[in-house]
Structures are given as C-alpha cells and as structure tokens.
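# Descriptive structure summary
These are the residues of each chain, in order.
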Amino acid sequence: MTDIIKHRGIVENIEGSHVRVRIVQTSACSACSVKGHCNASESKEKLIDVFDMKASSYRIGEEVMIYGTTSMGMQAVLLAFGIPFLVLLITGGDELRSALVALSALLPYYFIIYVCRNKLSKKFSFTLEPIKNN
C-alpha cells in the first residue's frame, strides 16, 4: 500500500505562494457501470489550498496533480472525528446530561481547532506537480 494520496485538479486561483486547486472528490462507487441508475453514487468539488514557492510557475486553468500522505489524512480524521467520538463515548449517564456534557466539551474543542488552523495548515500541507499533456 502506498503512502501517497493523489488527485487530479485544476488551478483556480494564485496569490503569491498560495495556490487554490479544485478537485473532484468521488465516492468509491463512481467507477461502477450502473452508477447512473443508482442514488448512492456521488461526487463533490473541493477547493484545496496549497502553499508552494513555485506558485508563479502555474497558470489558472492548468491541470495539476496534488499530493498528500495517508498519514496526514489519518491525522486529520483523528482530529476531526476520532477525538470527538471518544468525548461522546466518555459522557455517560442519562441522555439529556450526556448531550449537554458532550456539547459543552465539543464546542471548545472545535474552537481550539479553529484557532490553531494556521499551525495545522502547515502540518497538513500538500504538494503540486504539473501534468504534462502530450
């Protein structure tokens, strides 16, 4: 199993060393031959921010390959879902008390994540490579 996650994308915007890339995220069943007849198949467009010192070498509309590591993806899932899930499991008791305790614990948690977004963006960084069209 490789340690690299890659997506094809299109450069949407360039400002200094900041490149915004649009990717299409598809579900696992997007390759299925009957996806047109099924409601489970879905795809979403996402905008990914990449900080690259070679940003000036890219052009808006250019097709690029965006790379990240699977460990980076796993850390993001842990921060976004794993830790909050554990907080919800720890809060036992009756339903009303559990709901209030969980909310009172998760709101500060996500606020801290929001405040630390600049530090996290450095930790969760992507790399770009142009796609050579023949």
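We now turn to the structure provided with this report. As the structure is a computational prediction, the values presented were derived from the model and not from experiment.

Parameters at a glance
- Residues numbered from 1 in each chain as written.
- Predicted model: local features only at pLDDT ≥ 70, side-chain atom pairs only at ≥ 80, totals over all residues.
- Heavy atoms only, no water.
- Salt bridge = Lys/Arg side-chain N within 4 Å of Asp/Glu carboxyl O.
- Helix = DSSP H or I, 4+ residues; strand = E, 2+ residues; numbered from the N terminus.
- Buried < 20%, exposed > 50% of the residue type's maximum accessible area, 1.4 Å probe, protein only.
- Contact = heavy atoms within 4.5 Å.
- Polar contact = N/O pair within 3.5 Å; in protein donor to acceptor, adjacent residues only side chain to side chain.
- Lys, Arg positive; Asp, Glu negative; His and termini not counted.

## Here we look at the pattern of salt bridges
Scanning the entire structure with this criterion turns up four salt bridges. Between Glu 12 and Arg 22 there is a salt bridge, with the nearest N and O atoms lying 2.7 Å from each other. Of this pair, Glu 12 sits in strand E1 (residues 4-15) while Arg 22 is found in strand E2 (residues 18-26), placing the two residues ten residues apart along the sequence. Judged by relative accessible area, Glu 12 falls into the partly exposed class, the value being 33%. Residue Glu 45 pairs with Arg 22 through a salt bridge whose shortest N-O separation is 3.6 Å.

## Looking at the side chain of His 18
Residue placement: His 18 occurs in strand E2. Apart from the residues lying within four places of it in its own chain, the contact partners of His 18 are Asn 13, Asp 49, Val 50, Phe 51 and Ala 55.

## Focus: the environment of Ser 57
With respect to the helices and strands, Ser 57 occurs in the loop between strand E3 (43-51) and strand E4 (63-69). A relative accessible area of 47% means that Ser 57 is categorised as partly exposed. Once the C-alpha coordinates of Ser 57 and Pro 130 are considered, the two residues, 73 residues apart in sequence, prove to be 9.3 Å apart. In this structure the side chain of Ser 57 is engaged in a polar contact, spanning 2.6 Å, whose partner is the backbone oxygen of Lys 54.

## Thoughts on the side chain of Asp 52
Checked against the element boundaries, Asp 52 lands in the loop between E3 and E4. Among buried charged residues, Asp 52 stands out as having no salt bridge; its nearest opposite-charge side chain is Lys 54, 5.0 Å away. A polar contact is formed between the side chain of Asp 52 and the backbone nitrogen of Lys 54, at a distance of 2.9 Å. In this structure, Asp 52 is in contact with Ser 17, Tyr 58 and Leu 128, ignoring residues within four places of it in sequence.

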